[in-house]
Amino acid sequence: MALTGLDIFKQLPKTNCKDCGSPTCLAFAMAMANGKASLDMCPHASEAAKEFLGSATAPPVRTVKVGVGEQEIVMGDETVLFRHDKTFYHPTAIAVQISDTLSGAELDAKIAKVNGLVMDRVGQKIAIDLVAVTNCSGNAATFKAAVEAVAAKANFALLLVGDVAALEAAVPAVAAKKPLIHAATAENWEKVVALAKANNCPVVVKGNGLDDTAALVEKVAAQYKELVIDFGNTSQSKTLGEMVNARRLAIKKKFRPFGYPMLACTQATEAREEILEAATYVAKYASIVCLKADEKAQLLPLMAWRMNIYTDPQKPMAVEAKVYEIGDVGPDCPVYVCTNFALTYFAVEGEVVGSKIPGYIVAVDTDGSSVLTAWAAGKFVAEPIAEFVEKTGIMGKVNHKSIVIPGYVAIISGKLKEKSGLDVIVGPQEAAGIPAFAKARYPQLMK
Ligand code: SF4
């Protein structure tokens, strides 16, 4: 049960010394209850308070890290069941499998293919996160050789899937990369956890359903807490049901055995079915999804889905407010004005590119709101647009005095002309209308 502000207040020194940055101990307690302060900010907390509050106010899902440097992945630290309650913090990591039965040129080609699974969507780089090397050969030396080759050449963190002998051979060789070890089971957990502990690597605890996994996690967590849970199921519905129940218990009841990130492996063999299965796990509540698909066309929808779920609903996606040059621009080129909402900007950019007529896009700072939302909020109206266009100096780069505004805000054209001193051309309502508009208006600029 989550503690209230008053429960926390009772444990504090009640001196109101302000050393924590809050005006009173009660204000600090309320901030702690809301997850906006932590006990280490009060230098006067007693040992008894630390013991009592330390576990009670710890995040319901522990933070676990895999990989190092730029390849590091942070998992867990989630506090809500639904994105709209607050936000989700750490996007599901996507792991693509590589079998250790590949070797030589085949293995190199597979690694190169996996390294290429990096794409761009609405101005953001999206990519897979881990390479899961699996011990399909059943041979420890073969596994070790494949793991070393992948560690040397792959651009992502490592997930090592094998039995005790294979893991004992491979993990020490790549421990500096902090791989995730899969898996400690009821049969082998003492050896695998000892290996993880000795090499300072996180480990997956794989049980068989909720009860069995909870019991195993409790045993392992008494010795080592860098854990990721795998319920070990073989059906999509069971995996989904168990992950939902586990996350509910972790968040609502603070049930500690389920307070760790979760991993799910896809079972589907057909690529589209596998992506749909993975998408289900991304939605609820896997921190890692391990799958076989390795084509960009297969993974892009999954990554776009992940991006949508893990975008903070309280922060609109925005591009930098500035002038963008699209194509080989010159002084005759049109100047389009739009908002800095990422989807608006990239829709306009795509259509300007598609029109084959180079142009400038002035993305006005509307705090990432779309055209009509920004207009209704007074952020995309005559005065701020005129001021921003002038501030950018864009009209000094062209030999005309006109700007094109979205048709949805035609109503501001008169006032904008008055405020800016420019000719205001009302463009199409939708970005899709830009190619036809541009070809009709600037045929001499067609490239
Ligand atoms: Fe109270 Fe501790 Fe903050 Fe001082 S530092 S006001 S004792 S909570």
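Predicted, not measured: the structure shown is a model, and the values here were computed from it.

S.K.: I keep staring at the site of the ligand and nothing clicks. Help me out?
M.R.: As a structural note, the neighbourhood of the ligand is formed by P13, T15, N16, C17, K18, D19, C20, C25, F28, C42, P43 and H44. Looking at the shell around the ligand residue by residue, the classes come out as 7 nonpolar, 3 polar and 2 charged.

S.K.: It is not clear to me how unusual backbone geometry should be interpreted in this structure. Could you clarify?
M.R.: For residues that are not glycine, phi is negative in most cases, and the peptide bond is trans in most cases. In this chain, H182 is followed by A183 through a cis amide linkage whose omega measures 5 degrees. Residue placement: A183 occurs in strand β8 (residues 180–184). Cis geometry is adopted by the peptide bond preceding Y285, which originates at K284 and carries an omega value of -20 degrees. Phi is positive for N200, which is not a glycine, with a value near 55 degrees.

S.K.: Explain the sheet that holds strand β12 (residues 288–291) here, please?
M.R.: In spatial order, the strands read β10-β9-β8-β7-β6-β3-β12-β11; together these 8 strands make up an open sheet with parallel pairing. The sheet is open, and its two edges are formed by β10 (227–230) and β11 (263–265), each paired on a single side. Neighbouring strand axes in the sheet, compared pairwise and without regard to direction, differ in orientation by 25 degrees on average. Where β8 lies against strand β9 (residues 203–206), 3 bridges are found, and the strand directions are parallel. Bridge pairing links A184 to V205 in β9.

S.K.: For this particular structure, what's the right way to read the nonpolar core?
M.R.: Most often, soluble globular proteins have nonpolar side chains that are buried together. Grouped together as the largest cluster of nonpolar side chains are 100 residues, with contacts concentrated most on I128, V150, L160, L299, L302 and I361. When residues of this core are assigned to domains, at least three fall in each of domain 2 (64–309) and domain 3 (323–445). In this structure I361 touches K322, V323, Y324, I326, Y336, C338, Y345, V348, E349 and V352, once residues within four positions along its chain are discounted. Listed in part, the 25 residues of the second largest apolar core include A382, I385, I403 and I412.

S.K.: Explanation requested: the side chain of E242 in the structure shown.
M.R.: Within the secondary structure, E242 is located in helix α9 (residues 236–252). For E242, the residues in contact, after removing those within four places along its chain, are G209, L210, F231 and N233.

S.K.: Looking at this structure, how should I read the domain arrangement of the protein?
M.R.: Per the domain assignment, the segments making up the protein are domain 1 (5–56), domain 2 (64–309) and domain 3 (323–445). A straight line from the C-alpha centre of domain 1 to that of domain 2 covers 36 Å.

S.K.: Even after reading the chapter, I still don't get the environment of P257, so can you show me in this structure?
M.R.: Among the secondary structure elements, P257 is positioned in the loop between α9 and β11. Under the relative-accessibility criterion, P257 is labelled buried at 7%. Between the C-alpha atom of P257 and that of A154, which follows or precedes it by 103 residues, the distance is 33 Å. Look past the residues within four positions of P257 in its chain and what remains in contact with it is A214, V217, E218 and I229.

S.K.: Looking at this structure, I do not really get the packing of aromatic side chains. What am I missing?
M.R.: Any pair of aromatic rings gets described here by the distance separating the centres and the angle formed by the planes. In the structure shown here, the tally under the stated rule is 7 aromatic pairs. Geometrically, the ring pair formed by F88 and Y310 is tilted, given 5.6 Å between the ring centres and 50 degrees between the ring planes. On the criterion of sequence distance, the pair formed by F88 in the loop between β2 (73–75) and β3 (93–99) and Y310 in the loop between α11 (296–309) and β13 (323–326) is long-range, its members being 222 residues apart. For the residue pair F88 and Y310, the accessibility class agrees, reading buried in each case. Joined through ring pairs, the aromatic side chains of F88, Y285 and Y310 make up one cluster. Across the ring face of F9, the terminal group of K14 is positioned such that the distance to the ring centre comes to 5.5 Å.

S.K.: Could you clarify how one ought to interpret the environment of Q124 in this entry?
M.R.: Secondary-structure assignment places Q124 in strand β5 (residues 124–127). By relative accessible area, Q124 is classed as partly exposed at 39%. Spatially, the C-alpha atom of Q124 lies 10.0 Å from that of A342, the residues being 218 residues apart in sequence. If sequence neighbours within four positions are ignored, Q124 has contacts with M119, M307 and M317.

S.K.: How should I be thinking about the side chain of D129 in this particular structure?
M.R.: One can find D129 in the loop between β5 and β6 (130–134). At 2.8 Å, the side chain of D129 and the backbone nitrogen of I94 are in polar contact. At a separation of 2.8 Å, a polar atom in the side chain of D129 contacts the side chain of R306. In this structure D129 touches I73, T92, A93, I94, F156, A157 and R306, once residues within four positions along its chain are discounted.

S.K.: I would appreciate a short explanation of helix α2 (residues 25–33) in the present structure.
M.R.: One turn of the α-helix equals 3.6 residues, which is why residues spaced by three or four share an orientation. The complete set of buried residues in α2 reads C25, F28, A29 and M32. The buried residues of α2 occupy one face: seen down the axis, they fall within an arc of 100 degrees.

S.K.: Would you explain the environment of W189 in this entry?
M.R.: Here W189 lies in helix α7 (residues 189–198). Taking relative accessible area as the criterion, W189 reaches 9% and is therefore assigned buried. Spatially, the C-alpha atom of W189 lies 24 Å from that of L240, the residues being 51 residues apart in sequence. Excluding residues within four positions of it along the chain, W189 makes contact with A184, A194, L216, K219, V220 and Q223.

S.K.: Sorry, what's going on with the state of the cysteines here?
M.R.: Disulfides are covalent bonds that link the sulfur atoms of two cysteine residues. All chains considered together, the criterion is met by 0 disulfides. No disulfide involves C136; its sulfur sits 10 Å from that of C290, the nearest cysteine. Given the relative accessible area of 53%, C136 is considered exposed. The structure places no disulfide on C333, whose sulfur is separated from the nearest cysteine sulfur, that of C338, by 16 Å.

Parameters and conventions
Residues numbered from 1 in each chain as written. Predicted model: local features only at pLDDT ≥ 70, side-chain atom pairs only at ≥ 80, totals over all residues. Heavy atoms only, no water. Near = heavy atom within 4 Å. Nonpolar A, V, L, I, M, F, W, Y, C, P; charged D, E, K, R; others polar. Helix = DSSP H or I, 4+ residues; strand = E, 2+ residues; numbered from the N terminus. Pairing = 2+ DSSP bridges. Axes fitted to C-alpha atoms, helices over the stretch in contact; angles between N-to-C directions. Core = buried A, V, L, I, M, F, W, Y, C linked by side-chain atoms within 4.5 Å. Buried < 20%, exposed > 50% of the residue type's maximum accessible area, 1.4 Å probe, protein only. Domains from an automatic or database assignment. Contact = heavy atoms within 4.5 Å. Phe/Tyr/Trp six-rings, centres within 6.5 Å; stacked < 30°, edge-to-face > 60°. Lys NZ or Arg CZ within 6 Å of the ring centre and 35° of its normal. Polar contact = N/O pair within 3.5 Å; in protein donor to acceptor, adjacent residues only side chain to side chain. Arc of directions from axis to C-beta. Disulfide = S-S within 2.5 Å.

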